[in-house]
Each structure stands twice: as structure tokens, then as C-alpha cells.
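Here's the letter readout for the chains.
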Amino acid sequence: MAMQTKERPVPNGVVLEMTGDLTYANREQFKTAVEAIRQKGCRHLILNMADVRFVDSSGLGALVEAYTTVTREGGTLKLANVTRKLQDLLSITKLLTVFETFDSEDE
């Protein structure tokens, strides 16, 4: 399934709503969306993962790359509405210790 992204400003940052699969086939689209937000000068990014159905190893790599780039520039990248499936994947890969995850955007 193709990935769709939609950005929405919030106080002190941007929410990137993601729909579909974050996979090898869609990772460039994700990277482009994150880069566009960074180019606008936004340093604080929340990825709304509620409608992400599947993440493969390339998708995880893209998440780590985005996290590294944003934090290196003094920003933050947080994951909101993380599904149980993604939570388990982050736990198995020990990436749960890297990413801040939240059950909702409000948190």
C-alpha cells in the first residue's frame, strides 16, 4: 500500500500524519516529507503513526535516519498513536529506547 503524508502545524512544531505502509517502496516519500518540514525551519516533529499498517526494516531505517537528522539539528522527533504492532517491533529491535512514543498527540 502506498504511503500518504499530511502535515499539520501545532504549537512549537508540526504533526506529520502518515497513512499506509512505511516500507522500502515508500521510504523516499517519507524522507521527502520530513525534509520539506525541516526546510521550513521546523525543529520539532511529531509522527502520527495511527494509520501506519506495516513497517519493514527499510521503514525503521528511515525513522532512525529522520530521528538522527532532526536531533542533530537540536530538534525533537516523537512518535504518537503508535500501534501495538509497531510498539512490539520497536521493542524487539531495541529502538523503543531511542524513540519517545505516546498513545496520543495530546500526550
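Here we summarise the structure given alongside this text. (Residues numbered from 1 in each chain as written. Predicted model: local features only at pLDDT ≥ 70, side-chain atom pairs only at ≥ 80, totals over all residues. Heavy atoms only, no water.)

Here we come to the environment of Y24. Residue placement: Y24 occurs in the loop between β2 (13-22) and α1 (27-39). Overall, Y24 belongs to the exposed group, its relative accessible area being 54%. Put simply, Y24 and S57 are 33 residues apart on the chain and 7.8 Å apart in space, counted from C-alpha to C-alpha. Other than its neighbours up to four places away in sequence, Y24 contacts D56 and S58. (Helix = DSSP H or I, 4+ residues; strand = E, 2+ residues; numbered from the N terminus. Buried < 20%, exposed > 50% of the residue type's maximum accessible area, 1.4 Å probe, protein only. Contact = heavy atoms within 4.5 Å.)

The subject of this paragraph is the packing of aromatic side chains. Pairs of aromatic rings are described using the distance from one ring centre to the other and the angle between the two planes. Across all of its chains, the model carries one aromatic pair by this definition. With a centroid separation of 5.4 Å and 70 degrees between ring planes, the pair formed by Y67 and F99 is classed as edge-to-face. With Y67 in helix α2 (residues 57-72) and F99 in the loop between α3 (84-92) and β5 (100-102), this pair connects stretches of sequence that are 32 residues apart. (Phe/Tyr/Trp six-rings, centres within 6.5 Å; stacked < 30°, edge-to-face > 60°.)

Judged by nonpolar contacts, the single largest core of 27 residues is most densely connected at L16, M18, F30, L47, L63 and L79. At the level of secondary structure, the elements contributing two or more residues to this core comprise β2, α1, β3 (44-55), α2, β4 (76-80) and α3. If we ignore the near neighbours within four places in the chain, the residues touching L63 are L22, F30, L47, M49, L79 and F99. (Core = buried A, V, L, I, M, F, W, Y, C linked by side-chain atoms within 4.5 Å.)

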